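Single-letter residue listing:
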Amino acid sequence: MHRNLHGLASAVWRGGSLLLVWLAVLGGCAWWSNHAVPELIGLDRDQLVQQFGAPVEEQPLPDGGRRLVFLQRITRRPSGTQVAGTTMVCRLVVETGASGIVLQAVRTGC
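Residues numbered from 1 in each chain as written. Predicted model: local features only at pLDDT ≥ 70, side-chain atom pairs only at ≥ 80, totals over all residues. Heavy atoms only, no water.

1. What to know about the overall build of the chain
The number of helices and strands found in the chain is 2 helices and 5 strands. Reading the helices (α) and strands (β) of the chain from amino to carboxyl end gives α-β-α-β-β-β-β. Residues counted as buried form 22% of the 110 residues belonging to the chain. In the structure as shown, the chain presents an accessible area of about 8000 Å², 62% of it carried by carbon and sulfur atoms. (Helix = DSSP H or I, 4+ residues; strand = E, 2+ residues; numbered from the N terminus. Buried < 20%, exposed > 50% of the residue type's maximum accessible area, 1.4 Å probe, protein only. Areas by Shrake-Rupley, 256 points an atom, 1.4 Å probe, with all protein chains shown as cover.)

2. Quick look at the pairing of strand β5 (residues 102–108)
Pairing analysis gives 3 bridges linking strand β1 (residues 34–36) to β5, with the strands arranged antiparallel. Bridge assignment links His-35 to a residue of β5, and that residue is Arg-107. Direction of pairing for strand β4 (residues 86–96) relative to β5: antiparallel, over a ladder of 6 bridges. By the bridge assignment for β5, Thr-96 is matched with Val-102. The hairpin formed by β4 and β5 contains 5 residues between the paired strands, and Gly-100 there has a positive phi angle of roughly 90°. (Pairing = 2+ DSSP bridges.)

3. A closer look at the sheet that holds β4
One open sheet accounts for 5 strands, arranged β1-β5-β4-β3-β2; its pairing is antiparallel. Of all strands in the sheet, those with a lone pairing partner are β1 and β2 (57–60), marking the two edges. Recorded for the sheet is a direction-independent mean angle of 25° between the axes of neighbouring strands. Judged from the 10 bridges that link them, strand β3 (residues 66–76) and β4 form a sheet pairing that is antiparallel. Bridging from a neighbouring strand, Arg-76 pairs with Thr-86 of β4. With respect to the sheet, helix α2 (residues 45–52) is in contact with β2, β3, β4 and β5, its orientation differing from that of β3 by roughly 25°. (Axes fitted to C-alpha atoms, helices over the stretch in contact; angles between N-to-C directions. Contact = heavy atoms within 4.5 Å.)

4. As for the packing of aromatic side chains
Tallied over the full model, the rule gives 1 aromatic pair. Their ring planes at 45° and their centres at 5.7 Å tell us that Phe-52 and Phe-70 sit as a pair that is tilted. One end of the pair, Phe-52, is in helix α2; the other, Phe-70, is in strand β3, and 18 residues separate them in sequence. By relative accessible area, which is 17% here, Phe-52 ends up buried. Classification of Phe-70 as buried rests on a relative accessible area of 0%. (Phe/Tyr/Trp six-rings, centres within 6.5 Å; stacked < 30°, edge-to-face > 60°.)

No statement about biological role is implied by the geometric values presented.
Right, dumping it as structure tokens:
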């Protein structure tokens, strides 16, 4: 019976370890796909347009600010046996105050 308990404990440990690894992977994906972009805070709308082009969406906010949505296409170089690189489309959502200064920015999809 002692041998069976040891085997059961070992199986539970391996299962728990696998669960922790899975949660870490999923958590990493969630972080990567939706994260703040603090380096844009303090810029004005014109600087954003100069850097990212015209927004694909623009909506007024109740406080007089604006919500701007930019799309960014990022292509990574081929690696290993890949013939072509990987292209991703990232969505950058920026909220400005009434003065046009960026208060928050979030990038998703990258």
